[in-house]
Every structure is written in C-alpha cells, then in structure tokens.
Amino acid sequence: MPPGFSFFMVLLMTTALQEPVQATRPDDAPAILEMRGISQIFPGVKALDNVSIALYPGKVTALIGENGAGKSTLVKILTGIYRPNEGEIIVDGQTVSFTSAQAAIDAGVTAIHQETVLFDELTVAENIFLGHAPKTRFRTIDWKAMNERSKELLISLESNIDPTIRLKDLSIAQRHLVAIARALSIEARIVIMDEPTAALSRKEIDDLFRIVQGLKAKGKAILFISHKFDELYEIADNFAVFRDGKAVGAGRLKETPQDTIVKMMVGRDVENAFPKIDVAIGAPVMSVEKYCHRTEFRDISFTLRKGEILGVYGLIGAGRSELSQSLFGITKPLSGRLTLEGKELSINSPLDAIRAGIVYVPEERGRHGLALPMPIYQNMTLPSLTRTSRKGFLKAAEEFALARKYAERLDLRAAALSVPVGTLSGGNQQKVVIGKWLATMPKVIILDEPTKGIDIGSKAAVHGFISELAAEGLSIIMISSELPEIIGMSDRVLVMKEGLSAGLYDRDKLSPEVLVRAATGNA
C-alpha cells in the first residue's frame, strides 16, 4: 500500500476546565480557531457542556477521551453538521457560524474520518474535486485540468495513484490519501482526523506521520483523535481531555505523564487494565482437530476448556478471524473435526452454531454485529426472538425485559433502550453485541478484537466482564492483535502464522518475545 494518509487538524486548549489540571496556554501564537462555551444538548443528554477549545497553526493536538466523552459531537460541530445550543466559534478573531458542512469548508475546516466519506463509483479525481471542479470557459468541467491537478496533489503526497481509476479499486490506505488530497485541494487550514491509524500497518503509520510533519511545517492546524497513547506521544504537541461532555484537562503532551492523562479521562486511576480472575479451569468443552479451510488455514487443532480464556494471536493475514468465522458457520471448512461437549458437530451456518451453543462477536461490530438504525432492545433480542414471541407475534414487554437484564448486567450507558444503537459510543455498542449473544445462553463465545476502537476506561470494563464470564464457566476464545491484552487475559495462547498453528503456550510461558517470535516464524 502507498504511504500515509492523513491530513489533520489542530485542536484544542480548554480554558474552562472542570478540574483544572494544566490550565496554561500551550502556545503563544494566535489561534486559528477557537470554540468558546460550547454546549450541545440532545433529548435526555448533554453531549457537550460549556467546552472551550483553541486550535493552533503548525501544531498537532490530541483530543483524548473515553467513548461517549463528546469527541464526535465536537467534530460534528466543527464540520457544520451540528449547530451548538450555546457558545461561539471564532476564526481568525471573527465570530462565524457553521450553518452547513459547506460553511465549515469555506472557513478552511475539513475532516478525514476512519471510514472515509468518498464515493466508490467515482474516479479518484472526481472524489478529490467533488463540488469544486475546475471549469472551462464554457462553464463545463475541465476534465484534463482536474486530472492533472489531482495527479500533482497525489505526487505531493508521494503517491503514484492514477487519478482516472475508480475509488472502489483502491486499498484503505490509498483511500485515505485521496481524502488528504481532497483536503489539500480546498486549501484547508484546519483538518480533523478521527482514528487515522486504525486500519494501517506500522509502515503506513510511519508514512502518515511523515505527511503530518509536512503539514505542520506548512502551518496547518491538526486535530488527532486516537485511543493509542504510543502514537499520541509520538506525533502530538498538545492535548485536551474530555470526560462526560466536559473539558477536564489540557497542556503540552510530552510534559504530561500518561498516568495523569488516564486519570483525567476516567476520573480515577486505572491500575488494573486486565482484571483477570483466577478460576479453576474445568473439563474440555470444545475440541478442534485438524481443521482446514480451502485457502485460509490448515491443520488447526486445540481444546477449549470450561472457564478458560484461550487467546489467539498472530500477525495480519495469519488466519485468526477466518478460523473463528468457520467455527461460527460463516464459511465452511474443507476438512477437520469439531466436537462440543463430546458431540461431533457439522456447522454449516451461523444458525447451526447458535443452536449448538457457539456464538461470535465480530471485529467490525458496526458492519457485522449490529443493525445500527434499530433500537438497542431490538438489537439485544434479535438472536432470541423465539423467547420473546408467541405464535409468530413479538411481545414488546418481553423484549424490553430481556434487553434490560443484559443492559444492566453489562452496565450499558444509554438514555433509553429505545434509542438507535448507532447513537451509542463504541464501547457501549460492543456491550450490546456481547449482550445479545449472552442472551442466547451460549457454551462458547468467540470474541474477535473485543476492545478494538474502545477507550482505556471502557477496555478495563470489558476485560473485567470477560473475566467474570469465564469465572461463571463460559468458555471463551479471544482473538486480539494487542500483546498486553493477550498476555493479560489469556489462560493459554494459540499463535497462528500464515494459516498454520505456530505454537500453543500456557499462561506461565507467555511473554511478548515468545509470542512475536512464534508469530514471525522465529520461535
């Protein structure tokens, strides 16, 4: 994949802090953009409460906070999607009103999201210049000029993408490059990037950071939203922390210890990110023998025991997700044997797996785990409709009761169970996915990247709940790319490399060195 992909926006310095931690301004240069006393109120929820922020030229500012802290709401106000109930926005010393997305663009603000908002069927050049294409003297689109200008922008990003090909033929990293080129084409001064590295390899992240440094040198203001502290400390100059819709801390990032920022985020010390409960591992529940797929994995064997957390680790392309999807019936194995509680199973569909007691929480919860427009309670009860219906008719009261049971058990944070699940934070969406499968009373639950895109406070909560499930006797397969999570939560770890088993390690043998060596073939 070609290098890098993001062009950002510098955010913040909070001046009206709820808990003044570092209230001094991080920069002496005048702010490009300020937000003063911003409040955003939705029915039953105050998403932002009197937040003040300043964005500085040539600086990267990290916006940090748990899911639901108000980060997304702030971005939507800055990009003209929401109009705040209170407060003012100031650009170059003048009060402005972003009444639309175009108004924000006209003021020099643009955003590049984790899932780029581009059009698959249009060409690269059409995406870059959508809405502001160069015109001929006859007021028609100047296709030659548009393609040439697009090529120049992409070359400036060290990319050789052909501007005439369709976007759908590009990789994720290439799409982000197109989004950056679009931001450059409108001469944006303030660029927001939301979780820019979520789908990138380490090399692509390095390429991205190199581009960011170039943008800083041009005086761009960059807002960097991420849950990854190592990346924040590598690229950001300043920081601002949000908690429950309030600004609770700000300052120079490299002068502030990570523990201090974590405490600001969650309002407490997160001393134990992996609250694993030591439980007595029981008898074998699931046995997988010489499981093979036509293209993705071969000869995978392991035993999963009652109350055990079996971690599955490997590099991208190792076949971990593909194995879990086959166990759940999404794809069919070529050969092999699967038994559950001594009974051999033939899993040909997810319905077969669910009926047998095997459930799967997918990595992409928004795309594969939830019906985002539907309310929380209906998402929670989708796999359990036989329990909440009579003679083909759904019983709303029983649906609500079942959903409430697992919402309370998971400490789900929502205004009501009737709100669309798409309005929840990432951590709470993950709780809904886990809750809907727990409602089926499974014997085995497969968790594919269970804390992907979740903030540090919510991660600790999810880890604690996973540990509680194991203590109650549920057998768990946990796939994760994060070594601390794998080592902190697993009783044993299966390492995969290029579709093969590269080792099975007991908890007392786990270390980053051991797992990485196995995953790279250097064991």
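Structural data are supplied above this passage.
Note that the structure is predicted; figures quoted are calculated from it, not measured.

Caption draft 1: Spatial organisation of the sheet that holds strand β19 (residues 444-448). With mixed pairing, the 6 strands of this open sheet are ordered in space as β16-β19-β20-β13-β21-β22. The open sheet is flanked by β16 (358-361) and β22 (500-506), the only strands paired with a single partner. Averaged over all neighbouring strand pairs, the angle between strand axes comes to 20 degrees, with direction disregarded. By the bridge criterion, 5 bridges tie strand β13 (residues 309-314) to strand β21 (residues 492-497) in an arrangement that is parallel. Directly across from G311, in β21, lies its bridge partner V493. On the sheet, helix α17 (residues 512-520) packs against β13, β21 and β22 and is oriented at approximately 30 degrees with respect to β21.

Caption draft 2: Highlighting the environment of M489. Among the structural elements, M489 can be located in helix α16 (residues 483-489). Taking the C-alpha atoms as reference points, M489 and H463, 26 residues apart in sequence, are found 7.5 Å from one another.

Caption draft 3: A look at the pairing of strand β9 (residues 238-243). Within β9, 6 of the 6 residues are buried, leaving the element largely enclosed by the surrounding structure. Along β9, one buried face is formed by N238, A240 and F242 and the opposite face, lined by F239, V241 and R243, is buried too. As judged from the 5 bridges shared by strand β3 (residues 60-65) and β9, these two strands associate in the parallel manner. Bridge pairing links G65 to F242 in β9. Across 6 bridges, β9 lies against strand β10 (residues 246-252) in antiparallel orientation. If you follow A240 over to β10, its bridge partner there is A250. Between β9 and the antiparallel strand that follows it, β10, lie 2 residues; D244 among them carries a positive phi value of about 50 degrees.

About the criteria used
- Residues numbered from 1 in each chain as written.
- Predicted model: local features only at pLDDT ≥ 70, side-chain atom pairs only at ≥ 80, totals over all residues.
- Heavy atoms only, no water.
- Pairing = 2+ DSSP bridges.
- Helix = DSSP H or I, 4+ residues; strand = E, 2+ residues; numbered from the N terminus.
- Axes fitted to C-alpha atoms, helices over the stretch in contact; angles between N-to-C directions.
- Contact = heavy atoms within 4.5 Å.
- Buried < 20%, exposed > 50% of the residue type's maximum accessible area, 1.4 Å probe, protein only.

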